[in-house]
Amino acid sequence: MSYPSTIQAIAISKTGGPEVIEKREIPFPKVAPDHLVVKVQYLGINFIDTYYREGIYPASGFPFVIGKEASGVVIALPTDESVLNDPDYKKCGYKQGSRVALDYLGSHAEYVSAPWKTVYVIPESVSSLTAVSALVQGLTAISFMEEAYNVQKGDIILIHTVAGGLGLLMTQLAKSRGAIVIGTTSTPEKASLAKANGADHVILYKNEDTVARVLELTNGEGVHAIFDGVGKDTFESDLIMIKRKGTIVSVGNASGPVPPFPPIRLQKKNVKLLRPTMNNYTYTSAEVLYYGNALFSLLADGTLKTRIFKEYPFTTEGVRQAQVDLTSGKTTGKLVVKVSD
């Protein structure tokens, strides 16, 4: 197949603020024998994009194409015979023209060449826009609530913060498992949205004492598990609000990474602390199949519902603004960028 010699991509030439983001021309990506080539339609904006842009996560070199989530159409299949004969590859059902979603670093471009294990075939019951709005956050919610802490009926769960894209999906999933959900957020409007998505109690952290309210709601015992996407600003209070033998799952770093601390502090309540990454739960082809099928089934039957906050243009200014909006604390739901029809 003949590919264009160059493509447009969203990249950074150094770490820094949103001003380092630029749409630029780069060579067509190298196509490895085990890769699928995808013409991209939508990009998903995530906090991990800002971590690479800021240098919290190291870039492999510059210019560095950012982004970890996209959806589009397969235009070329792997050429490696061992891949084509792999039983799990066959189960995925890849075809030229298949609509797919990608969980692959460097995917914010017009075309992406990606390992087949990072590419999920989208079923007919799910749109490409829904898929890109749910892939990374949906896989994170499902794998974290199954493996980091297996949410059970009757558990009391605390989610920081509850009205973003991941928080809403976690709320829906925890409620479908029979848990009681306490969430934190910044505004009454966001609180109403969280409650509409199933949250039982929502704390306005700017106006209320979060620790006092959580302990009041749990009769002083604390919660079974905390899923914390904020990081530095909430970690100390997490240690107070967690129940004896509870689990704190550090999900993200919206306020900055949690500073180093002595593990002996966990001893007081025999607390479990994890800082997982979704890609270590979707590492093998069997895990990719399992969690991909789980996600699209939950989307198809309505257990999980996505909310698009805004669709941005595929421009330097559009992606800069998307990252500014994401980190402002003012968004609800998912931010996406439209690349092509």
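A quick note: this is a predicted structure, and the numbers were derived from the prediction, not measured.

Basis of the calculations
Residues numbered from 1 in each chain as written. Predicted model: local features only at pLDDT ≥ 70, side-chain atom pairs only at ≥ 80, totals over all residues. Heavy atoms only, no water. Helix = DSSP H or I, 4+ residues; strand = E, 2+ residues; numbered from the N terminus. Rg over C-alpha atoms; globule rule 2.2 N^0.38 Å. Buried < 20%, exposed > 50% of the residue type's maximum accessible area, 1.4 Å probe, protein only. Contact = heavy atoms within 4.5 Å. Areas by Shrake-Rupley, 256 points an atom, 1.4 Å probe, with all protein chains shown as cover. Lys, Arg positive; Asp, Glu negative; His and termini not counted. Charge placed at Lys NZ, Arg CZ, Asp CG, Glu CD. Pairing = 2+ DSSP bridges. Axes fitted to C-alpha atoms, helices over the stretch in contact; angles between N-to-C directions. 1 Å grid on protein atoms, 1.4 Å probe; cavity = no way out; pocket = protein on both sides within 12 Å on 5 of 7 lines; lining within 4 Å. Points joined across faces, edges and corners; volume = space filled by probe spheres on them. Nonpolar A, V, L, I, M, F, W, Y, C, P; charged D, E, K, R; others polar. Salt bridge = Lys/Arg side-chain N within 4 Å of Asp/Glu carboxyl O. UniProt positions renumbered as here; feature names shortened; annotations may be inferred. Polar contact = N/O pair within 3.5 Å; in protein donor to acceptor, adjacent residues only side chain to side chain. Parallel < 35°, antiparallel > 145°, perpendicular 65-115°, else oblique. Core = buried A, V, L, I, M, F, W, Y, C linked by side-chain atoms within 4.5 Å. Phe/Tyr/Trp six-rings, centres within 6.5 Å; stacked < 30°, edge-to-face > 60°.

A. Region of interest: the overall build of the protein. Counting secondary structure elements, the protein contains ten helices and 16 strands. The C-alpha atoms of the protein give 20 Å as radius of gyration, which agrees with the globular expectation for 341 residues (20 Å, within 12%). Judged by the C-alpha coordinates and their principal axes, the protein covers about 65 × 45 × 40 Å. Counting every position in the protein, which comprises 341 residues, the buried fraction comes to 52%. Contacts in the protein between residues far apart in sequence, at least 24 positions, make up 70% of those at least 6 positions apart. For the protein, the accessible area works out to roughly 14,800 Å², and carbon and sulfur atoms hold 52% of it. In the protein, which carries 35 positive and 33 negative side-chain charges, the distance between the mean positions of the two groups comes to 3 Å.

B. Summary view of the sheet that holds strand S13 (residues 242–250). Here six strands make up an open sheet; going across it, the order is S11-S10-S9-S12-S13-S14 and the pairing parallel. A single partner strand is all that each edge strand has here, and the edge strands are strand S11 (201–204) and strand S14 (272–274). Averaged over neighbouring strand pairs, the angle between their axes works out to 15 degrees when direction is ignored. Two elements, strand S9 (residues 156–160) and strand S12 (residues 223–228), share four bridges in a ladder whose sense is parallel. Across the sheet, residue isoleucine 157 finds its bridge partner in S12, namely alanine 225. Contacts from helix H6 (residues 188–196) reach strand S10 (180–185) and S11, with the element oriented near 165 degrees to S11.

C. Up close: the layout of surface pockets. One number sums up the size of the largest pocket: a volume of about 1,000 Å³. As for the largest pocket, its lining consists of 48 residues, of which Phe47, Tyr51, Leu166, Gly229 and Gly252 are closest to the centre. Of all the elements in the fold, those that place two or more residues in the lining of the largest pocket are helix H1 (47–54), helix H4 (128–148), S9, helix H5 (165–176), S12, helix H10 (316–327) and strand S16 (334–338). Taken together, the residues that form the lining of the largest pocket break down as 20 nonpolar, 22 polar and six charged. What lines the second largest pocket is a set of 20 residues, among which Ile26, Pro29, Val65, Tyr104 and Gly106 lie closest to the centre. Looking at the lining of the second largest pocket element by element, the count peaks at three residues for strand S7 (residues 111–115). Grouping the amino acids of the lining of the second largest pocket by side-chain chemistry returns 14 nonpolar, five polar and one charged.

D. Main features of the pattern of salt bridges. Counted under the stated rule, the structure contains 13 salt bridges. The salt bridge partner of glutamate 22 is arginine 24, with a shortest N-O separation of 3.3 Å. On the accessibility criterion, arginine 24 (26% relative accessible area) is partly exposed.

E. Main features of the UniProt feature "domain: Enoyl reductase (ER)" (unreviewed entry) in the protein. When the UniProt feature table is mapped to this numbering, "domain: Enoyl reductase (ER)" (unreviewed entry) covers residues 16–337. Across residues 16–337, the secondary structure splits into 32% helix and 26% strand, with the terminal C-alpha atoms separated by 21 Å.

F. Region of the structure containing the side chain of serine 285. Within the fold, serine 285 resides in helix H9 (residues 285–300). One polar contact links serine 285 to aspartate 88, side chain to side chain, over a distance of 2.6 Å. Residue contacts for serine 285: discarding those within four places in its chain leaves Asp88, Trp116 and Lys117.

G. Expanded view of the packing of H1 against H10. It is at 10 Å that the axes of H1 and H10 come closest, and there the two elements cross at 105 degrees. As summarised for this structure, H1 and H10 are arranged roughly perpendicular, according to the angle between their axes. Between H1, through Phe47, Asp49, Thr50 and Arg53, and H10, the contact on the second element is made entirely by Gln323, Leu326 and Thr327. Residues that form the contact of H1 with H10 fall into these classes: two nonpolar, three polar and two charged.

H. Quick peek at the nonpolar core. Judged by nonpolar contacts, the single largest core of 44 residues is most densely connected at Phe144, Met145, Val151, Ile157, Met170, Phe227 and Leu304. Those elements giving two or more residues to this core turn out to be H4, S9, H5, H6, S11, S12 and H9. Sort the elements by how many residues they give to this core and H4 lands first, with ten residues. Non-local contacts of methionine 145, meaning those with residues more than four positions away in its chain, are made with Asn150, Val151, Ile159, Met170, Leu173, Ala174, Arg177 and Phe227. In this structure, Ile12, Ile48, Cys92 and Leu289 belong to the second largest nonpolar core, which totals 35 residues.

I. Structural context of the packing of aromatic side chains. Within the structure shown, the criterion is met by twelve aromatic pairs. For the pair tyrosine 51 and tyrosine 57, a centre-to-centre distance of 5.3 Å together with 70 degrees between the ring planes defines the contact as edge-to-face. Here tyrosine 51 falls in the buried class, since its relative accessible area comes to 6%. Residue classification places tyrosine 57 among the partly exposed positions, given a relative accessible area of 24%. With a centroid separation of 5.5 Å and an interplanar angle of 80 degrees, the aromatic rings of tyrosine 52 and tyrosine 57 are classed as edge-to-face. Accessibility expressed as a relative area gives 14% for tyrosine 52, which makes it buried. In textbook terms, an aromatic cluster arises when at least three aromatic residues are bridged by ring pairs, as seen for Phe47, Tyr51, Tyr52, Tyr57 and Phe64.

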